[in-house]
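This is what each chain is made of:
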Amino acid sequence: MEGREAYRLLLFVSGATPRSMRAVAAVRNLCDARLPGAYRLDVIDAFRDPAAARDHQIVALPTLLRLSPGPTKMFVGDISDPVRLAAGLGLSWRPVIASGAPS
């Protein structure tokens, strides 16, 4: 990821609910595939840290904030669609083909 600014992401969730776990998995999967070694993702439980949610003006969960590269961008609600998530993060979308897969 030479020459590209590292992505700094905050994902606000509501505990260990299935929806929260899907959101965490979706963001991690996309970032691992598209930004290996070039992102930092912090997952924040808004119920355990309401001050952080208030400071970032979080009103719905899950919410993903892209703090950098700027400008700051917010994704609210269902973030499980990888195409929409990639576009919102400014990444091109193409399916990732697992290496070693039969041709």
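See the structure above.
Asker: Got a minute to help me understand the overall build of the protein chain in this structure?
Answerer: Helix and strand content of the protein chain: three helices and four strands. Starting at the N terminus and walking to the C terminus, you meet the elements of the protein chain as β-α-β-α-β-β-α. Restricting the contact set of the protein chain to residue pairs at least 6 apart, pairs at least 24 apart contribute 64%. Total accessible area on the protein chain stands at roughly 6,300 Å², and carbon and sulfur atoms take up 54% of it.

Asker: Mind showing me how you'd approach the side chain of S68 here?
Answerer: Relative to the assigned elements, S68 resides in strand β3 (residues 63-68). For S68, the side chain forms a polar contact with the main-chain oxygen of A6, separated by 3.3 Å. Residues contacting S68, with those up to four places away along its chain left out, are E5, A6, Y7 and R8.

What counts and how
- Residues numbered from 1 in each chain as written.
- Predicted model: local features only at pLDDT ≥ 70, side-chain atom pairs only at ≥ 80, totals over all residues.
- Heavy atoms only, no water.
- Helix = DSSP H or I, 4+ residues; strand = E, 2+ residues; numbered from the N terminus.
- Contact = heavy atoms within 4.5 Å.
- Areas by Shrake-Rupley, 256 points an atom, 1.4 Å probe, with all protein chains shown as cover.
- Polar contact = N/O pair within 3.5 Å; in protein donor to acceptor, adjacent residues only side chain to side chain.

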